[in-house]
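Chain by chain, the residues:
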Amino acid sequence: MAKAVLFDELGGPEVLRLDEVALGEPGKGEVRMRVDAIGLNRAESLFRSGSYIYQPDLPGSRLGYEAAGVVEAVGDGVHGFAAGDAVSTVPSFRMTEYGTYGDAAVLPARALVGRPDGVDAVTGAATWMAYTTAYGLLVEVGGIDPGDVVLITAASSSVGLAAIQVANHLGAVPVATTRTGAKRRRLLEAGAAHVIATQEQDLVEEVRAVTGGRGVELAVDPVAGPGVNTLIQAVAPDGALLLYGFLDPAPVPMPIAPDFRGRTVRTYLFEEITVDSEPRLRRAKHFIDAGLRAGSLAPVVDRAFDLAEVVEAHHHLESGAQFGKIVLTVRH
Ligand SMILES: NC(=O)c1ccc[n+]([C@@H]2O[C@H](COP(=O)([O-])OP(=O)(O)OC[C@H]3O[C@@H](n4cnc5c(N)ncnc54)[C@H](OP(=O)(O)O)[C@@H]3O)[C@@H](O)[C@H]2O)c1
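A brief look at the structure comes next.

What counts and how
- Residues numbered from 1 in each chain as written.
- Predicted model: local features only at pLDDT ≥ 70, side-chain atom pairs only at ≥ 80, totals over all residues.
- Heavy atoms only, no water.
- Pairing = 2+ DSSP bridges.
- Helix = DSSP H or I, 4+ residues; strand = E, 2+ residues; numbered from the N terminus.
- Right-handed = clockwise from strand over helix to strand, strands pointing away.
- 1 Å grid on protein atoms, 1.4 Å probe; cavity = no way out; pocket = protein on both sides within 12 Å on 5 of 7 lines; lining within 4 Å.
- Points joined across faces, edges and corners; volume = space filled by probe spheres on them.
- Contact = heavy atoms within 4.5 Å.
- Near = heavy atom within 4 Å.
- Polar contact = N/O pair within 3.5 Å; in protein donor to acceptor, adjacent residues only side chain to side chain.
- Nonpolar A, V, L, I, M, F, W, Y, C, P; charged D, E, K, R; others polar.

**Focus on the pairing of strand β14 (residues 301–306)**
Side-chain direction in a regular strand flips from residue to residue, so the side chains alternate between the two faces of the sheet. Pairing of β14 with strand β15 (residues 325–329), which is carried by five bridges, proceeds in the parallel orientation. The residue of β15 that forms the bridge with F305 is L328. Following the backbone out of β14, through helix α10 (residues 310–319) and into the adjacent parallel β15, one traces a crossover that is right-handed.

Structural data, given as structure tokens:
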């Protein structure tokens, strides 16, 4: 038996319940893992409320993409992992198939990565969604070069902070946005070269000032909504705007830059890296693993809750007050 977080109907954080489930042995290509820490993502709150890119199977849906812990047992055909290995998960499955919220989980072996010595479970659980997403946005799709200026909106999110670190690691210049000035100092300390408080400053004017009037080579945006019409005006001709979320659920207008030159607007999903392409996933794993070992990539953890406090943790996730990753820790 194991503890697992389940939900039977769509709704707010209160629909989540902690229950005992029969976990069973891992099947072919699967691993059973003791879960020590779980990383929370906006994806799970959208999934729980029925607004995600796919729908849960109800009742009794599990949820969760990220966890870190120790392998307990491996199924047939699993190579490269054995009982006792310290591991983390990469989000390369769908929550309709597997879920990480619990004190143990059966997961596909292809979703596991070894956890280097010195990377604790909280760090391991806070890494792979944020950094595979940021790596794909900036490197595989965005193709940034040293010296490029990258505009990162909602930069205090776990993906935003990862993107700041990836940009700095590659010699690009991260410009961060946040809605008010409250998180400005922490964003500068986290590596942002400039911070723009969008409710207090003119985003386009500020970007022009930072880039000598040129605009940014790349903007990565999980906010969307009507703000994309402002964002496109901050992008340089030949630059790109990558949309990867909808924190603002209002309709998105078709963005048109004032001079009509050829900017790219593209949507992006982490599965383009973690599911659709083995070479991209292999490159992402190497990039992130090397960055973790070197210390240039280091997840920022906002707050850890106990597994039993999952409802409170989801409320905090939805408050927008966080700075970085929210984590659940598991007492065994
Ligand atoms: N497409 C993909 O592959 C992919 C993968 C992972 C995540 N995502 C998306 O990336 C975003 C970040 O996810 P996350 O889990 O790291 O963090 P998160 O908890 O969703 O992000 C929290 C931050 O977003 C900002 N924010 C919240 N509501 C906002 C609003 N209405 N307008 C503007 N900013 C708002 C706040 O920053 P301030 O208080 O500083 O303004 C807050 O600190 C989410 O939208 C998520 O769905 C997409």
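**Quick word on the layout of surface pockets**
Empty space within the second largest pocket amounts to approximately 270 Å³. Together, 17 residues line the second largest pocket, and R110, L112, V113, L281 and K285 are the ones closest to its centre. Contributions of two or more residues to the lining of the second largest pocket are made by β7 (112–114) and α9 (278–294).

**As for the environment of P251**
Turning to its location among the elements, P251 is positioned in the loop between β12 (235–243) and β13 (264–267). For the pair P251 and G227, spaced 24 residues apart in sequence, the C-alpha to C-alpha distance is 9.9 Å. Dropping the residues within four chain positions of it, P251 is found in contact with G225 and P226.

**Describing the site of the ligand**
Within the structure, the ligand sits among 22 residues, and R42, S158, T178, F270 and Q322 are positioned closest to it. Interatomic distance of 2.6 Å between a side-chain N/O atom of T178 and an oxygen atom of the ligand. Within the side chain of Q322, a nitrogen or oxygen atom sits 2.5 Å from an oxygen atom of the ligand. In terms of residue class, the shell around the ligand is made up of eleven nonpolar, eight polar and three charged.

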